[in-house]
Each structure stands twice: as C-alpha cells, then as structure tokens.
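# Observations on the three-dimensional arrangement
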Amino acid sequence: MTKGIIPIILLSAIIHLGFITRFYLLGKAPAGLYLDEAAQGYNAYSILKTGKDEFGKSFPIVFRSFADFKTPVYIYLVVPLIPIFDLTPFTVRFPSFFFSVLTIPLLYFLIKKLSPISTAVAIISALLLAISPWHILFGRTNFECNVALFLLLLAVLFFYLALKKPALLVLSAFFFAFTIPAYHSQRVIVPLLLLLLLVRHHRLLFSRDYQRYTVIAFVVGLLISLPTLSIINTPGFLARAATLNIFTQVSSGNLSWYQGPLDWLINAPWYLSIKEFFALYVSYFSPRNLFLLGDYGPRSSFPDLATLFTWQFPFYLYGLYRLVIEKKLGELKFLMLSLLLISPLPAAVTRDPFTTIRALPMVIPLSFIVSLGLLRTYQAISPALRKVALCIFGLTIIYSLFNLYSSAIVLNERFRAPFWDYGWEQVVARLDTLDQNLPVVVDNARAEPYSQILFFTKFDPATYQRENFEVPLSGYYTNLSRNPVKNIGRITVRSINWEPDLIKEQYLVGDSLAISLDQIKLNKMTLIEEIKYPDGSPAYRIVLTNPDYQKAVRVK
Amino acid sequence: MKLLIKITICLTLALWPLSLALTNSYKDMGSDLANYLRFSIFSPDDQAPLIINAKRSVFSSDLFGRVMNNKVTFIYGRFKSNFFSLTDPNNYFFGFHPREIIRQNLNIEKFPFISLIFLLYAFYRFNQVRHGKFLLTLFFVAVVFLSLANFDKVDFVLYPILAIFMVHGIRAMSQEKPKLFTAASLLLIIFSVPLYLRAFVNLTP
C-alpha cells in the first residue's frame, strides 16, 4: 500500500475530495456575506481601483476597517482576483478555499518528510484534514486563519528541507515572516515555534556551513517584518489583543459579594487569572469541546457538528497516548507536540470559551494524532480482520461526508443565515430598481451594514473616500474613534431618527426590529419589500415614508 | 519528601468529598439516584418531535432527513452530551468553562487544577499502574452507564478510580522526576490556599 504509485493515487483522490468538500456551493453556502468578509472584499476593491483603502490610506500595513485592524495578507490576496472573478462572495472566499485545499498535500509532504514510521500515517492525516469540519469551515468562508496556516506549514516544511539544503532557510524565513501578518494569533505562534526550532537545531543552524544562510534568513525575515514592526506599539496593532485578553477584565470566579478580611486571598487576581488561563487552555483539549460542542460562535461552527467527528474520539485518546510514548517518532513527535501545545496559547488568553479560528493550527496535530491512533489500532488487529476494518473505516468516512453535507450545507443555510448577514445583496438589488432620485437611509443601530452596501453596489472607492471622514490619516493606526455615519451616494448609513426622517420622502431600510409592521401601519408608510431569511422569517424591510401624512398629522 | 507526598495526596483528594460535605450534597444522593433513574436519556420529551421535525423539514430528500434526524439520533445526542461531559478534564479540574454555568453542583471543582499534572503523569506511565487497563475499562464502563441518565452527583462513583490514578501519578512522579514533583507540589500548596478557602466561603453567598 505504501510503496510505489499507490500513495500518489490515494493523495490525488484525497485532494479531489478536499476540493469537492470546499468548492461545492463556494460563495453561496453559507448564504449571506458577513460584514468582515464584505469589508475585506471592498478594501481589496478599493486598493485595486485607487491604491488606497476605504479611508484613503495608501497600502496599509493593517487595515483599519471597523477599528478592529484586520491583518493585510488576505486582503492583498483578494486584490488580483477581483479583475478575474469580479467582486462577489465567491471571490472573497476564494483564497481561503485555495490555500485550504493546498494545505492537504502540504501536510502529506511534511509528515512524509519527517515520518520514520510509514507513508500510511501521512495519507490518513491528509484524508482526515480533507474531511475535517474544522478545516472545511474556514476553507469555505473568508477567514484569514486558513491562509496563515498554509504559510506556517510551508515555512516549517522549508525549515526541515533546509536541514539538508541550507539555502532553503531563506525561503523558510520568507514564509515565516509572511505568516505573522496573515492572522493575529500567528503573532504568538510563529515566534514561539521559531524559538523551539532554533533551540532544537541550534548546533546545525550556527555551524560553519549554515552560519551564512542563517544570517541571510534572519535579515530577510526582519526586512519583511519591518512594516509590521514599525506599528507594533500602536493601538491599532494591539487593538485585538487589548480588547479580548482575559487579564484586562474582572476575572471569572470573582466572589464580589465577599468583602471579608480574606478578600485579598479569596479573590486574589493572580489565582483567578492563572486558573482561568489554564481552564481555557485545557478546554482546547477537552473531548466535550472537540467532539460535541465545537465553537460556540454561529459563524465558526456548523449546526450539529463539532470540530472533529464523534467516531474519532477513541483514536484521539489512543493517538495522543502513542504520540507521547513513542520515541521513534523523532522529529515528527517534536513538531506535532509543539504545534499541539503552542496553538491554543493565543486563544487561551482571550475570554471566549473555545474559539476554533484562533486555534486553527491545532487541526494539524489533531489530524495526525487521530491518524496515529487509527494506524496503531489497525496494526493491532489480526490480519484476518483487517479487510473488515478497512470496510468499516470506508463506510465511516462516507457517513462522515453525509453528516458534513447535512450540517454544512443544509442545516447551516437554514438556521445560520442571520448570523451570516443574509439579505443585503437582495436589499441592494431591490434598491437599484426603485426611484433613483429619492434618498435612502439604512439603519445601523444593531449592525454595520455599510461594508455590505459598498460591496454589493461596487461603489466607486474614490468617491467614497472623498465623501467620508473618520480620522486624519496621521491617526490611522492610533486614533480609535469611529464615525457612525457613512455616505454612499444617495444611501446614508446611520441610525434612523424617526422624527425628522418621516417628514422627508425617502426610503428607509432596517431589520424587523427597526421597522416593525406596527410602525409601518402607524405612520402609513409603504412597505416596498420584505427580504426574508431562508427559514421565512423577516430579515430586512424597505419602506417608503409618507411625508404628506406626517405633515397632516403634525398640523393637527 | 514523604511529607510532601502525603500533603500532595491530601490536597488532591480532599476537594471533591469536602465540596459534597460542605454543601450537604451527599444528603441528596438518595434522591439523586432516584432522579438518575427517572431522567434517563430514553425518557419522553415534549420538545423532541418538534426539534426533529424542524430539522427534517429542511431536507429536500425525506429519506435523508429521516436518516439524519430521528429518535435514535436525538437520544444519541443526549448520550453524547453526558458522555463527553464525564470525559472532560474541565469538568473535574475547573468546574467546566470558567464563564459557563451548567448546573450548580456540576460546576464544583472536583480536584485542584494543579493536580491535573499528576493525572497526566499517571497516564504517561500507564503501563506501571497496577490493574491500569482494568481501571481504565471500569472508568469508561461507569461513564457509559452514567451517561444513560442524569449523572448529577452520582458521578461521585468515578472518584475512587480517578483517585487511584492520581495517587499513582504522584508516587511515580516523586520517584522519577523529583524536581518536577517538588515544583508541582509547591504550586499545588500555594494554589490550594485560596481554593480551599473559597470552598468554605462559598457556603454563605
């Protein structure tokens, strides 16, 4: 099985499987386009048309967007795709899909390069990654983490190749340096992983033959990182870490009602913070999270499906045990354990219980661990029963694919559409058919739909930059204040102010809370359109005001 | 070293029984056992048909919808929920997630979180544990049975098995990695001060 052409055929089949699971209805499922996806897409469009982002900043190092300062690599990857595929949900999700599929053979080659045991474990790992709900979810949607994971693995592969060909160290440094600005959590993962690799291989890296390449690699990495380093102390760079970390808020478990003399000990911040950190860290290894609950976020999970399939649980436990005790795994053991232990660190300092997006690199060691468990179990079975075991395994994979289809395509579309901001494409399309001379007010009391409106209208970026102001460009990375009003041609995105807005003839757009049916009836407005979610519940309403009625009522 | 081992064992094992004693939970064990039998995963639920039908109706193929959503998958879902809670280290060492409230007594910390090191070491040295395979099998058999119903407080039956593993971990580590053991034990003692104080203070909120 493991010799000759068979592994290549199997790998090819697995890549095709990975392609299908990620490409099927790409751009259409999940239905809708979340505001972050739209913001990334429109900023890429703006860069393409003007060389500046939505705020008029030339080629930013991090993108200000909603003052959450998005990492730049993904956005710049979308730029060249727009002339090819146009500005569509498919386009903004394409880099995730593309690099997610490429990660499958990359994992195979990395494990094959390091594996002293057999090619089978590399094949099974690639297969499990190809059908992994965790990896697929971020491969079908616009999340930067998948591109970052690909770059990280590529950098690691070149590092190991460089142990025989020192010149490849430069390429490794190149990809490591690009991984850091690819996703926030990589700012922690890359330095820690690099440190471990350097400590483990310091003798070789600083030997006479390698010294020159090590220095060149360091310089290359430093040069690529210079833009990022130049803003490292700005509030913009630190925005995500500052708002999400567990150390800047009241620790969980604080007994606020206790005011006694032992308060300093009972509510000791050092105790509560350390305990919370470890509770969060351990939760990334918890079978309950991995096999049952998954990510609590409706956009970073599929309904009724966790990060791993339930049937993988015994192999997870056994594989973990084998990984720890098998010394002959050598460098592969070192790498997988390092990735396994480092990957949850950035996620564990944030207050969310189990965020799969921040801990995505864990999917690599987890795929390997389950594969190792499967392989060792298979080897422990008597040869007479192995064919039966293979048949059961094949049927299990088929069932897993059905499960995946049921959750990722069918249930996700029906039950998660509101969380993917479904409906703005339809709103924009409907507005295009209405009287173009009338102004439009889009309510933003509970959301920030301006990015979706910019995206679906493909509004001219130069005009938008000219007609909107948030902060001076000198304060782009440092000033975190926001302007809640956005002007997009005849469309104004702001909170509806009923008193003045009703006496002007215009279209109002809002969700079912902002514009209720009672409100429409009371003010004799005309319901132009009600956009509905796939489950039939109202998403957004477009109404035409009735200023004549308002004037008559107010005169009375 | 012997004293340190004894202190470590005491601090590791005292918390769960102490929590039950301090909160008088042990007095409810009888009714909990009755609840265990009454609230089985097979007991009827008025909401179940609604949930199953809501999901089924989404599928274009009726057969596919029925295969993916039926009574068996619903009951299996309940079983999984119990099973993975009972195999979750956060359940035993942190009272689940720090910001998660499930049920009051399930949120009690059963062992000091530093003692997780000793449990992991016991599994690392699994081959040395006397009757290790038997104990592990017993643990999973017990977990499966507990998962069939409301395991609330009844899960205390798992305590002896986990205690044996942890005592083995403590003993093995003290012999094989004395420096690591000393460091872990000292940390355990330091963290036990607020931990045990909180166990008493929590009585009068």
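Residues numbered from 1 in each chain as written. Chains lettered and ligands numbered in written order. Predicted model: local features only at pLDDT ≥ 70, side-chain atom pairs only at ≥ 80, totals over all residues. Heavy atoms only, no water.

### Things to note about the overall build of chain A
Summing up its helical and strand segments, chain A has 27 helices and six strands in all. Here chain A has a C-alpha radius of gyration of 26 Å; the compact-globule value for 556 residues is 24 Å, and the two agree. Over its C-alpha atoms, taken along the principal directions, chain A stretches across nearly 90 × 65 × 55 Å. Expressed as a percentage of the 556 residues in chain A, the buried residues total 57%. (Helix = DSSP H or I, 4+ residues; strand = E, 2+ residues; numbered from the N terminus. Rg over C-alpha atoms; globule rule 2.2 N^0.38 Å. Buried < 20%, exposed > 50% of the residue type's maximum accessible area, 1.4 Å probe, protein only.)

### Some words on the overall build of chain B
In terms of regular secondary structure, chain B is built from ten helices and zero strands. Mapped in sequence order, the helices and strands of chain B form the string α-α-α-α-α-α-α-α-α-α. In terms of its C-alpha atoms, chain B occupies a principal-axis envelope of roughly 65 × 45 × 30 Å. When burial is assessed residue by residue, chain B has 49% of its 205 residues classed as buried. Sequence separation of at least 24 residues holds for 73% of the intrachain contacts in chain B that already meet a minimum separation of 6. Accessible surface computed for chain B: about 10500 Å², of which carbon and sulfur atoms make up 67%. Separation between the mean location of the 21 positive side-chain charges and that of the 11 negative ones in chain B comes to 9 Å. (Contact = heavy atoms within 4.5 Å. Areas by Shrake-Rupley, 256 points an atom, 1.4 Å probe, with all protein chains shown as cover. Lys, Arg positive; Asp, Glu negative; His and termini not counted. Charge placed at Lys NZ, Arg CZ, Asp CG, Glu CD.)

### A look at the interface of chain A and chain B
Think of interface size as the accessible area that goes away when the parts come together; that is how it is often given. At the junction of the two partners, chain A supplies 48 residues and chain B supplies 43 residues. With both sides pooled, the region where chain A packs onto chain B buries about 3800 Å², and carbon together with sulfur makes up 71% of that total. Across the chain A-chain B interface, the total number found is three salt bridges. In this structure, K275 of chain A and E109 of chain B form a salt bridge, with 2.7 Å as the shortest nitrogen-oxygen distance. Joining chain A to chain B, the criterion identifies seven residue pairs in polar contact (both at pLDDT 80 or more). (Buried area = accessible area lost by both parts, 1.4 Å probe. Salt bridge = Lys/Arg side-chain N within 4 Å of Asp/Glu carboxyl O. Polar contact = N/O pair within 3.5 Å; in protein donor to acceptor, adjacent residues only side chain to side chain.)

### Some remarks on unusual backbone geometry
Residue and element names in this part refer to chain A. Here the residue pair A29 and P30 is connected by a cis peptide bond, since its omega of 5 degrees sits within 30 degrees of zero. Mapped onto the elements, P30 comes out in the loop between α1 (6-23) and α2 (35-50). At D86, a position not held by glycine, the phi torsion is positive, near 75 degrees. The topology assignment puts D86 in the loop between α4 (82-85) and α5 (89-114).

### What about the packing of aromatic side chains?
Applying the stated rule across the entire model yields 67 aromatic pairs over all chains. Measuring from ring centre to ring centre gives 5.9 Å for F23 of chain A and F90 of chain A, while their planes differ by 90 degrees; the resulting arrangement is edge-to-face. On the criterion of sequence distance, the pair formed by F23 of chain A in helix α1 and F90 of chain A in helix α5 is long-range, its members being 67 residues apart. The exposure class of F23 of chain A is partly exposed, given its relative accessible area of 32%. Classification of F90 of chain A by relative accessible area gives partly exposed; the value is 21%. Linked through ring pairs, F19, F23, F85, F90, F94, F97, F98, F99 and F150 of chain A together constitute an aromatic cluster. Over the ring of F55 of chain A we find R64 of chain A, and its NZ or CZ is 5.7 Å from the ring centre. In this structure, K110 of chain B is placed above the aromatic ring of W16 of chain B, and the distance from its NZ or CZ to the ring centre is 5.6 Å. (Phe/Tyr/Trp six-rings, centres within 6.5 Å; stacked < 30°, edge-to-face > 60°. Lys NZ or Arg CZ within 6 Å of the ring centre and 35° of its normal.)

### Details of the packing of α5 of chain A against helix α6 (residues 119-130) of chain A
All names here are of chain A. Orientation of α5 relative to α6, taken along the N-to-C sense of each, is 155 degrees, at an axis distance of 8 Å. Our classification of the angle between α5 and α6 gives roughly antiparallel. For the crossing formed where α5 meets α6, the hand is right-handed. On α6, the residues that touch T103, I104, L107, Y108, I111 and K112 of α5 are T119, V121, A122, I123, S125, A126, L129 and A130. Classifying every residue of the contact of α5 with α6 by side-chain character gives ten nonpolar, three polar and one charged. (Axes fitted to C-alpha atoms, helices over the stretch in contact; angles between N-to-C directions. Parallel < 35°, antiparallel > 145°, perpendicular 65-115°, else oblique. Left-handed = near helix turned anticlockwise from the far one by under 90°. Nonpolar A, V, L, I, M, F, W, Y, C, P; charged D, E, K, R; others polar.)

### Observations concerning the environment of L340 of chain A
All names here are of chain A. Counting through the fold element by element, L340 comes out in helix α18 (residues 330-342). The exposure class of L340 is buried, given its relative accessible area of 4%. Between the C-alpha atom of L340 and that of T234, which follows or precedes it by 106 residues, the distance is 31 Å.

### Considerations on helix α7 (residues 116-124) of chain B
Considered for burial, the residues of α7 of chain B that qualify are L116, F118, L119, Y121 and A122 of chain B. The elements touched by buried residues of α7 of chain B are α15 (269-283) of chain A together with α1 (2-22), α6 (89-93), α9 (159-176) and α10 (178-201) of chain B.

### Examining a nonpolar patch on the surface
Residue and element names in this part refer to chain A. Taken together, the side chains of V215, F218, V219, L222, L223, L226, L229 and I232 make up a nonpolar region of the molecular surface, amounting to roughly 720 Å² of accessible area. The residue I232 is located in the loop between α12 (208-230) and α13 (235-244) in this model. Residue I232 is classed as partly exposed on the basis of its relative accessible area of 35%. (Patch = residues over 30% accessible without salt bridge, like charges linked within 9 Å, V, L, I, M, F, W, Y side chains within 5 Å.)

### Quick word on the side chain of R140 of chain A
Residues and elements named next belong to chain A. Note on placement: R140 falls in helix α7 (residues 133-140). It turns out R140 is buried and unbridged, and the closest side chain with the opposite charge, E413, is 8.0 Å from it. A polar side-chain atom of R140 sits 3.4 Å from the main-chain carbonyl oxygen of L25. Ignoring anything within four residues of it in the chain, the contact list for R140 reads T21, R22, F23, Y24, L25, L26, A29, P30, R93 and I409.

### Describing the pairing of strand β5 (residues 526-532) of chain A
All names here are of chain A. Taken together, the six bridges between β5 and strand β6 (residues 538-544) define a ladder with antiparallel strand orientation. Opposite K532, over in β6, you have P538 as the bridge partner. Where β5 hands over to β6, the hairpin turn is made up of five residues, of which G536 adopts a positive phi near 95 degrees. (Pairing = 2+ DSSP bridges.)

### Digging into the confidence of the model for chain A
In the predicted model, chain A carries a mean pLDDT of 94, and 99% of its residues have values of at least 70. The weakest mean pLDDT in chain A belongs to α13 of chain A at 77; the strongest belongs to α4 of chain A at 98. (pLDDT = per-residue confidence, 0-100.)

### A short note on the environment of I520 of chain A
Residue and element names in this part refer to chain A. Assignment of secondary structure puts I520 in helix α26 (residues 517-522). Owing to a relative accessible area of 8%, I520 belongs among the buried residues under this scheme. Sequence separation between I520 and N43 is 477 residues; the distance between their C-alpha atoms is 36 Å. Beyond its immediate sequence surroundings of up to four residues, I520 is in contact with I515, M525, L527, R541 and V543.

### A short note on the pattern of salt bridges
Here the structure, examined in full by the defined rule, presents 23 salt bridges over all chains. Notably, a salt bridge pairs R288 of chain A with D88 of chain B, separated by 3.8 Å at the nearest N-O pair. On the criterion of chain membership, the pair formed by R288 of chain A in helix α16 (residues 287-293) and D88 of chain B in the loop between α5 (71-86) and α6 is interchain, its members lying in two chains. Comparing R288 of chain A with D88 of chain B shows no difference in burial state: the two are buried. Between R358 of chain A and D352 of chain A there is a salt bridge, with its nearest N and O atoms 3.0 Å apart. Both residues of the pair, R358 of chain A and D352 of chain A, belong to the buried class.

### Section: the side chain of N82 of chain B
All names here are of chain B. For N82, the location among the structural elements is in helix α5. Polar side-chain contacts of N82 include one of 3.2 Å to the backbone oxygen of A149. In this structure N82 touches I41, S147, A149 and F151, once residues within four positions along its chain are discounted.

### Digging into the confidence of the model for chain B
Taken as a whole, chain B shows an average pLDDT of 88; of its residues, 90% reach a score of 70 or greater. Across the interfaces of the predicted complex, the ipTM metric reaches 0.92, alongside a pTM of 0.93.

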